[in-house]
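Inside the fold
Below are the chains, spelled out letter by letter.
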Amino acid sequence: MTELFLIAHIAGRGVAIPTADIDSVVDIGETVAVPRAEAALRGLTALRSRVITVIDTGVALGVGAMPDDATRAVITRVDGHFYAILVDSLEDVATFDRQPLSAGLALDGGWQRVGTGIIERDGEPLLVLDLAALVPALPVAA
Amino acid sequence: MDDLLQEFVAETRETLEALSGEIVAWEADPADRPRLDAIFRFVHTVKGSCGFLDLPRLARLSHAAEDVLAAVRSGNRTPNTALVNGVLAIVDRIGEIVEAIDAGASLDDTTEDLLIAALAEDAVPAAAPGPQVSVSQQRAASRTIRLNVDLLDRMMSGMSDMVLARNELARRLRDSSIDPRTEASLERLSITVAEMRDTVTRTRMQKIEALFSPIPRMVRDTAAEVGKTVTLAIEGSDVELDREMLELLRDPLVHIIRNAIDHGIESADARRAAGKREAGRLTLSARQSGNQILIEIADDGRGIDVDRVAAKAVQAGLRSEREIASMTLAAKTDLIFEPGLSSRDVATNISGRGVGMDVVRSNIEQLGGRIQLVNTPGQGLGITIHVPLTLSIISTIIVGVGGQQFALPRQTVEEIVTVRGDAVRIDTIGDATIATVRGKRLPLVMLGHVLGLETRVAGTLAIVSTREGVFALGVDAVLDTEELVVKPAAPPVMATGLYAGQTLPDSGRPMLLLDGTGVAAAASLSFSRKVAATEQEGTVMVVPPTPALLFDDLDGRRRAIPLAMVDRVETVSTDLIRMSGGRMRLAIGGTLVPLHLAADLPQRRDIAVLRLTDGDAEIGYAIAEALDIVALPREIAPADGDGAIAGVAIIDDEPVELIDAFALFGDEVMPRIGAPLCLLQADGQGWMDSFLRPALEAAGYRCVTSIQPDQQPAIALAMDDDPVDAPVPVVRLRRQRAAQGANDTSVYRYDRAALMAAVAGTLAGRAAL
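Quick notes on the rules
- Residues numbered from 1 in each chain as written.
- Chains lettered and ligands numbered in written order.
- Predicted model: local features only at pLDDT ≥ 70, side-chain atom pairs only at ≥ 80, totals over all residues.
- Helix = DSSP H or I, 4+ residues; strand = E, 2+ residues; numbered from the N terminus.
- Buried ≥ 20, exposed ≤ 12 C-beta atoms within 10 Å, placed from the backbone.
- Contact = placed C-beta atoms within 7 Å.
- Axes fitted to C-alpha atoms, helices over the stretch in contact; angles between N-to-C directions.
- Parallel < 35°, antiparallel > 145°, perpendicular 65-115°, else oblique.
- Left-handed = near helix turned anticlockwise from the far one by under 90°.
- Nonpolar A, V, L, I, M, F, W, Y, C, P; charged D, E, K, R; others polar.
- Pairing = 2+ DSSP bridges.
- Core = buried A, V, L, I, M, F, W, Y, C linked by C-beta atoms within 7 Å.
- Arc of directions from axis to C-beta.
- pLDDT = per-residue confidence, 0-100.
- Expected span 1.5 Å × (residues − 1).

1. Comments concerning the overall build of chain B
- Looking only at helices and strands, chain B has 22 helices and 34 strands in total.
- The buried share of chain B, reckoned over its 769 residues, is 36%.
- Long-range contacts, defined here as pairs at least 24 residues apart, represent 64% of the contacts in chain B between residues at least 6 apart.

2. Description of the overall build of chain A
- Within chain A one finds 3 helices and 10 strands.
- Going from N to C terminus, chain A has its helices and strands arranged as β-β-β-β-β-α-β-β-β-α-β-β-α.
- Counting only residues that meet the buried cut, chain A has 39% of its 142 residues in that class.
- Put simply, of all contacts in chain A between residues at least 6 apart along the chain, 51% involve residues at least 24 apart.

3. Comments concerning the environment of P377 of chain B
Residues and elements named next belong to chain B.
- The residue P377 is located in the loop between β6 (370-376) and β7 (380-388) in this model.
- Exposure remark for P377: the 13 C-beta atoms within 10 Å place this residue in the partly exposed category.
- Sequence-wise, P377 and R302 are 75 residues apart; in three dimensions their C-alpha atoms are separated by 5.8 Å.

4. Observations regarding the packing of helix α6 (residues 149-175) of chain B against helix α7 (residues 180-204) of chain B
All names here are of chain B.
- Contact geometry of α6 with α7 gives a least axis separation of 10 Å together with a crossing angle of 160°. By the angle between their directions, the pair α6 and α7 is classed as roughly antiparallel. In this structure, the crossing between α6 and α7 has a hand that is left-handed. Note on element contacts: α7 touches α6 through T182, L186, L189, S190, V193, M196, R197, V200, T203 and R204, opposite L152, M155, M156, M159, M162, V163, R166, L169, A170 and L173.
- Taken together, the residues of the contact of α6 with α7 break down into 14 nonpolar, 3 polar and 3 charged.

5. A short note on the interface of chain A and chain B
- On the chain B side, the residues contacting the 22 residues of chain A number 21 residues.
- For the side of chain A that touches chain B, the element with the highest residue contribution is strand β4 (residues 41-47) of chain A, accounting for 4 residues.
- When its residues are assigned to classes, the side of chain A that touches chain B shows 14 nonpolar, 4 polar and 4 charged.

6. Here's the deal with the sheet that holds strand β5 (residues 50-55) of chain A
Residue and element names in this part refer to chain A.
- Strand order in this open sheet of 5 strands is β3-β6-β7-β5-β4, and the pairing throughout is mixed. Edge positions in the open sheet fall to β3 (22-27) and β4, since each of these has one partner strand only. Pairs of neighbouring strands in the sheet enclose a mean axial angle of 30°, with direction left out of account.
- Across 6 bridges, β4 lies against β5 in antiparallel orientation. Looking across to β5, one finds that T45 is bridged to I52.

7. As for the nonpolar core
- By size, the foremost hydrophobic cluster in this structure holds 83 residues, and its most contacted members are A16, I55 and I85 of chain A together with V445, L473 and L514 of chain B.
- Setting aside residues up to four positions removed in sequence, L473 of chain B forms contacts with V445, L447, L461, A462, V464 and V519 of chain B.

8. Some remarks on the packing of helix α3 (residues 56-73) of chain B against helix α4 (residues 81-103) of chain B
Residues and elements named next belong to chain B.
- Put simply, α3 and α4 touch, their axes get as near as 10 Å, and they point 155° apart. By the angle between their axes, α3 is roughly antiparallel relative to α4. Relative to α4, α3 is oriented so that their crossing is left-handed. Residues R57, L58, L61, S62, A64, A65, V68 and L69 of α3 form the contact with α4, whose own contacting residues are L83, V87, I90, R93, I94 and I97.
- Among the residues making up the contact of α3 with α4, the classes are represented as 11 nonpolar, 1 polar and 2 charged.

9. Observations regarding helix α9 (residues 215-225) of chain B
All names here are of chain B.
- Along α9, the residues classified as buried are V219, T222 and A223. Buried residues of α9, viewed axially, fall in a sector of 100°; they line one side.
- Looking one or two residues beyond α9, the residue adopting positive phi is G227, at roughly 70°.

10. Examining unusual backbone geometry
All names here are of chain A.
- Phi angles above zero are rare outside glycine, and R36 is one such case at about 70°.
- The topology assignment puts R36 in the loop between β3 and β4.
- We note that D122 has phi near 50°; this positive angle belongs to a residue other than glycine.
- Checked against the element boundaries, D122 lands in the loop between β9 (115-121) and β10 (124-129).

11. Here's the deal with the confidence of the model for chain B
Residues and elements named next belong to chain B.
- Taken as a whole, chain B shows an average pLDDT of 77; of its residues, 85% reach a score of 70 or greater.
- Taken element by element, the predicted model of chain B shows its lowest mean pLDDT in helix α19 (residues 529-532) (37) and its highest in strand β18 (residues 511-514) (91).
- In this model residues 345-354 is a low-confidence stretch, pLDDT under 50, and it forms 20 contacts with partners more than four residues away in sequence or in other chains.
- The model gives residues 669-673 a pLDDT under 50, and that stretch makes 3 contacts with residues more than four places away or in other chains.
- Interface scoring of the predicted complex returns ipTM 0.88; its pTM is 0.44.

12. What about the environment of A331 of chain B?
- Relative to the assigned elements, A331 of chain B resides in helix α14 (residues 329-333).
- Note: C-alpha distance between A331 of chain B and V306 of chain B (25 residues apart in sequence) is 9.7 Å.

13. A look at the sheet that holds strand β31 (residues 702-704) of chain B
Residue and element names in this part refer to chain B.
- Ordered in space as β31-β30-β32-β33-β34, the 5 strands form an open sheet in which the pairing is parallel. Sheet topology places β31 and β34 (747-748) at the edges, where each strand pairs with a single neighbour.
- On the sheet, helix α21 (residues 687-698) packs against β30 (677-681), β31 and β32 (715-719) and is oriented at approximately 160° with respect to β30.

14. Quick notes on the pairing of strand β14 (residues 460-465) of chain B
- As defined by bridge partners, strand β10 (residues 413-418) of chain B adjoins β14 of chain B across 5 bridges and the pair is classed as antiparallel. Note that in β14 of chain B the partner of I416 of chain B across the bridge is A462 of chain B.

15. Remarks on the pairing of strand β6 (residues 72-78) of chain A
Residues and elements named next belong to chain A.
- As defined by bridge partners, β3 adjoins β6 across 5 bridges and the pair is classed as antiparallel. Bridge assignment links V26 to a residue of β6, and that residue is A73.
- Bridge analysis of β6 against strand β7 (residues 81-86) gives 6 bridges, and the strand direction is antiparallel. Looking at the pairing, T76 lines up with Y83 of β7.
- A loop of 2 residues connects β6 with β7, the two strands running antiparallel in sequence, and D79 in this loop sits at a positive phi of about 50°.

16. Observations concerning the confidence of the model for chain A
- For chain A, the average pLDDT comes to 85, and 93% of its residues sit at 70 or higher.
- Note that residues 138-142 of chain A has pLDDT below 50 and, in this model, 8 contacts with residues that lie over four places away or in other chains.

17. Comments concerning the environment of E365 of chain B
All names here are of chain B.
- Tracing the backbone shows E365 in helix α15 (residues 356-366).
- Exposure remark for E365: the 12 C-beta atoms within 10 Å place this residue in the exposed category.
- The spatial distance from the C-alpha of E365 to the C-alpha of H386 is 9.5 Å, given a sequence separation of 21 residues.

18. As for α6 of chain B
All names here are of chain B.
- Taking 1.5 Å of rise per residue, the 27 residues of α6 would be expected to cover 39 Å, and the 39 Å separating its terminal C-alpha atoms lies within 8% of that figure.
- Taken together, the buried positions of α6 are M159, S160 and V163.
- On its buried face, α6 is in contact with α7.

Have a look at this one:
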């Protein structure tokens, strides 16, 4: 099955995000912290008069917080709420064939939760990311 | 009512348009269940609205169609061409009547019996009704339009963008040197944007009153129809709600209330037998709680007979006996929401045949709300509808803590006090911190600690009232008040339990709305009565000092008069002062004003005159010289006898006589006939005379301090426990600001609003006797 994917870098690794999940790609502005919320919740930011919840993808994946100056984000909509998923950098958009996760592939905790498949770009396998699974306290989409 | 009718017309017209396709499809295939349901819902809604709007013709037609369709739904009748035609004829007829209502035209109703008769099972297929006269040209020009809420949403979000852009522009202009003309333009833009924003906001918001106001009439009519007496109490009409939500709540509310009257409240005989008051009681209330609006409909009727509902469910094949046996009581009660179940055996015109509650629940769930039952068999049923606050505008107080800002719903904040004042003390008891605010001990929660933010020592306390209790919330500062559009925050944010929602104020920085209950829970507060007990001793009473004008009188004495009574001090020519009509009068501004002289008029060209007013009448008081404005001490020694002197106060270590303005006015001013007469049970300090009397007279009462034989006071005002000379209702005044215990009905003497309300209320109560 051929799909359109956005290739991005998160925590130093290349990942593929199905574009169908993406609302927009932006540089977010100032973030207002949400005290007492989970660490993966960096805070709230305003984007075109909407309040958007910013997810520190590094914390959500359990690979350490992203730098404070990370502003590039992929906006996604989960259950009617907008989330900004911080990424290190973005590459390009292209069509790929989604393949199932190979058997026996042992991903560590965070990655395992969000990985839904693999694509192959120039012989390099990239994990397909389920953005909704990065949102804390939400069940992983089946 | 006109608005409602308009709405009904527009809504019915709209549904009819949407339905026309369904009707054709049903005609083609009468066994098509979803189509049948759609048509059924339509006639059911029309029936409900008609009862509500008092449109008996439409009610009759829709009830007839509903009966037939219900029979089809339950499988008692099979739809044939005659039946389909009959129903369609009625739907068409409903459309015609609605158009006629809108155009204000009358429509001949002779064929309606035929239409209804055609629905009977044994009806002979009647000849197709003659060509219908088209009434569409009678459509009246409408002053209202119906808008898609999506459009309003887009308008709203565009508006917010506009505000943000304006703010950005203002910020940039502030940074550069700005041309005054540019500034003026920006100012105009700001005003326009603000007005626009108000308007746009209002397009979505409506007071729940719009939903509640037709209810009393409906209750009355419905109760009369079933021969019951029902008293209705409505609370919280000023809660604001999203317009869309309001519209969607209308039908469920009507259904629930009709059900309550028809099924819930028993007949007068049954109520008497059950030891209840003959008149049933229905309470309708709305309030905001956290991020939800709660609408509560409670009756004191028989409640739901759960076993009977369960038996019905088995009978209707909705549940098996085994399933019922394993269900909890609550689950069994909730069976009333199952489609096709009614606890009532006979369907009446009032409430339907079990379609009500399932429609009600699905309507409410459509709004993202839920519905809750509190069933007390024999005692009544309470139904609570919870709907989200989405897009509700709420008035908030913005507090700052640890460099961040949060909003607090204003209605939960009782009061804001600064810690610096005398009225507030903070103590540590064990490991708990207690704030004592004017004698009231409250648990203190430092918002900074709860949120894990760096915080200074609390500079300001917000007294937050939650359903569980009242606590003091320590914040760094109270910054502002703002009306905000609050939206639910994302689930991970809500999961903290501390927030009721998020908002985007004009600053463009998102802000969180705190949930007082959640904050209290996070601080593990327990509201024990001990903590909240009122501290009786050590109360510091702060009475605002009363300013008074200090002057030297004509007789050389130093005197003072409450400043509130002095309209102005004027120097007038002594030529204008004449003895006329038996007393000294001052001719000024074309009128004669009675003039009080403490001594003979000095031989001078001109003289200073205090022009005193009680808000209505005016008198002059000639003085030698005005000296200063001073604060009157609270302790005033009563004077002996002299009518014009209320007492003696010490001002700047010097005794000063306080003018009894009451006596002055009492001598000069004709009582206003017809106004209620208030007996001021004078406390010997002149306070009532000089302070209370002007306030009461300004409010249109007449006042006396002692009763003449021909006077009949309507009400008496007395201080604390002073005895009252007349057998009339008494309003007690107290010197302390805080009430002394729960049974204290007295009014703090400087609380003008409460005082006036008490006087008016007592007079009203007397009139009712």
